[in-house]
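Working through the structure, step by step
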Amino acid sequence: MQSLSIQHAQPGMRIINDIKDGNGRILLPADCTLDERKLKALRSWGITEVVVDGAEALRPGKVELPEAQSLQVEAIVCERFRHNDPADPAVEEMKRLVFNRVAKQLGYLHGTAQR
Amino acid sequence: MAPLSAESIAANTTTVASLPELHQQLEAAILSPASTLDDLARIIGNEPGLAARLLKLANSALYRHSGPIETITRALTLIGTRQLQELALATLVIERFRLLETPQLSMREFWRNALATAIAARVIAIHLRERDSERFFLAGLFHKIGRLVLFTDHPELATQSLIQAQQAGLLLSDAEEQLLGFHHAEIGHALLKQWNLPALHCEGVRHHIAPSIAPTTSVVACIVHLANWLADGAAFGHAGDHFAPRLDPGALRTLGLCAATLESLLNELERQYQDVEPLLLGETDG
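Everything quoted here is computed from the prediction, not taken from an experiment.

**Quick word on the overall build of chain B**
Counting its regular elements, chain B contains 16 helices and zero strands. The C-alpha atoms of chain B give 18 Å as radius of gyration, which agrees with the globular expectation for 286 residues (19 Å, within 12%). For chain B, the spread of C-alpha atoms along the three principal axes comes to 55 × 50 × 35 Å. Counting every position in chain B, which comprises 286 residues, the buried fraction comes to 47%. Considering only contacts within chain B whose residues lie at least 6 apart along the sequence, 67% involve residues at least 24 apart.

Now the structure itself:
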């Protein structure tokens, strides 16, 4: 079971767990289906992640790069995180984020919006 | 000569042995029931360029205010006296250290890394709804100050630690530990104590490398640890490390954070960093 960042949550997704605030009060019960209004409310409550049905498949991946570039970026990321446990989900997620960041820094992301 | 210890390195440093006097003046004024916001503003105004810099920070992406803040008195009201005191301290300490030269470490890159860690620590603290998020900013900013002292005061040991780390593929903090018997966090802790900073900052710096093995759980240390991991992992600046530090899984558990939160934390760090870096580390122009 994996949680999904609220940025990637979309209407129609079904949440698996109760969503609670810091005091344990239930904001949205398990099994309810997200819609725009509920997503807006979750954001305004400061909720940053939700556990939804099939979240694993929905999590954003790495950016698509030609193989040579991809291998180069992967090598940089793996070297940088060599003292970290690759099986730790937080390490795995950070490596994905850093992969995209390094690809951007190397100028491999053509046509992506500049800040 | 007595063997080197973290305490002796801090005690003998000639770089920034004590805090700027302005910090103590603000401290005294904040504690005095007779002083007013205007008194605090006057103390800040005595330091050339400081008021302008603080106003820029008050109007930066660090804060979200509805309108521009144009005076220090107003900034003190909106941001808080303690918060502004900590920002003033951050600005002054960076100013002093910026003039130093170390052969192996670019001062600008070092402070970029420190600033990113400071911003990340504050972003995490705000996410966790911790009170007084500037405390975390300062603890993040100073997390590797011990290394800066080591590099400026003992360049030969610094070089040795770098070579050792490089040859064996070690984390620099592990190489420091092998070489000295302690690492930069211990030196930083000793220095911050010498500066009379609150225990909270000191503990946060001391245990930032492996917060899980601290004798008592320190939320600040966990936050600084995660902030440093984000800043080093995403390569904001450079403070001598070739690798991202080891993530302490216990720190995330203590803070109740999970992998899915990292993206929004990193995005917010990036956004604030882009805005604040030129303000704090840009050329001095008042």
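Having put the structure on the table, let's press on.
**Points about the overall build of chain A**
Secondary structure assignment for chain A yields four helices and four strands. Listing the helices and strands of chain A from first to last along the sequence gives β-β-β-α-β-α-α-α. Here chain A holds 115 residues, and the buried ones make up 24% of them. Partitioning the contacts of chain A with sequence separation of at least 6, the portion at a separation of at least 24 is 64%.

**Some details on the packing of helix H5 (residues 72–79) of chain B against helix H6 (residues 81–98) of chain B**
In a pair of packed helices, the angle between the axes and the distance between the axes together describe the arrangement. Residues and elements named next belong to chain B. Interhelical geometry of H5 versus H6 gives an angle of 115° and a closest axis separation of 6 Å. Facing Ala-75, Leu-76 and Ile-79 of H5, the residues of H6 in contact are Thr-81, Gln-83 and Leu-84. Its residues assigned to classes, the contact of H5 with H6 shows four nonpolar, two polar and no charged.

**Some points on the interface of chain A and chain B**
The interface is formed by 22 residues belonging to chain A together with 20 residues belonging to chain B. Secondary structure elements with two or more residues in the side of chain A that touches chain B: strand E1 (3–5) and helix H4 (89–105) of chain A. With eight residues, H4 of chain A is the single largest residue contributor to the side of chain A that touches chain B. Looking at the side of chain A that touches chain B, its residues break down into eight nonpolar, seven polar and seven charged.

**Remarks on the domain arrangement of chain A**
When the parts of a complex come together, some accessible area is lost, and that lost area is often taken as the interface size. What the domain assignment lists for chain A is domain 1 (3–58) and domain 2 (67–105). Relative placement of domain 1 of chain A and domain 2 of chain A: their C-alpha centres are 28 Å apart.

**Quick word on the domain arrangement of chain B**
Residues and elements named next belong to chain B. Under the domain assignment, chain B is made up of domain 1 (20–99) and domain 2 (105–286). If you average the C-alpha positions of domain 1 and of domain 2, the two centres end up 23 Å apart. With 18 residues of domain 1 at the interface, the matching set in domain 2 holds 17 residues. Elements represented by at least two residues in the side of domain 1 that touches domain 2 include exactly helix H4 (50–58) and H6. When residues in the side of domain 1 that touches domain 2 are grouped by element, the largest group, ten residues, is from H6.

**Regarding unusual backbone geometry**
In the Ramachandran plot, Asp-31 of chain A falls in the positive-phi region, its phi being about 80° despite a non-glycine side chain. Mapped onto the secondary structure, Asp-31 of chain A falls in the loop between strand E3 (26–28) and helix H1 (36–44). Positive phi, normally seen in glycine, also occurs at Asn-196 of chain B, with a value near 65°. Following the sequence through the fold, Asn-196 of chain B ends up in the loop between helix H12 (184–194) and helix H13 (199–206).

**A word on the nonpolar core**
In terms of nonpolar packing, the biggest core is built from 102 residues, with Leu-54, Ala-120, Ala-121, Ile-223, Leu-226, Ala-227 and Leu-230 of chain B touching the most fellow members. In terms of residue count, helix H7 (residues 107–127) of chain B provides more of this core than any other element does, twelve residues in total.

**Some thoughts on the packing of helix H2 (residues 21–31) of chain B against helix H3 (residues 37–45) of chain B**
All names here are of chain B. Between H2 and H3, whose axes approach to 10 Å, the crossing angle comes to 175°. Between H2 and H3, the angle falls in the class roughly antiparallel. Contacts between H2 and H3 involve Leu-22, Gln-25, Leu-26 and Ala-29 on the former and, on the latter, Asp-39, Leu-40 and Ile-43. When its residues are assigned to classes, the contact of H2 with H3 shows five nonpolar, one polar and one charged.

The rules we used
Residues numbered from 1 in each chain as written. Chains lettered and ligands numbered in written order. Predicted model: local features only at pLDDT ≥ 70, side-chain atom pairs only at ≥ 80, totals over all residues. Helix = DSSP H or I, 4+ residues; strand = E, 2+ residues; numbered from the N terminus. Rg over C-alpha atoms; globule rule 2.2 N^0.38 Å. Buried ≥ 20, exposed ≤ 12 C-beta atoms within 10 Å, placed from the backbone. Contact = placed C-beta atoms within 7 Å. Axes fitted to C-alpha atoms, helices over the stretch in contact; angles between N-to-C directions. Nonpolar A, V, L, I, M, F, W, Y, C, P; charged D, E, K, R; others polar. Domains from an automatic or database assignment. Core = buried A, V, L, I, M, F, W, Y, C linked by C-beta atoms within 7 Å. Parallel < 35°, antiparallel > 145°, perpendicular 65-115°, else oblique.

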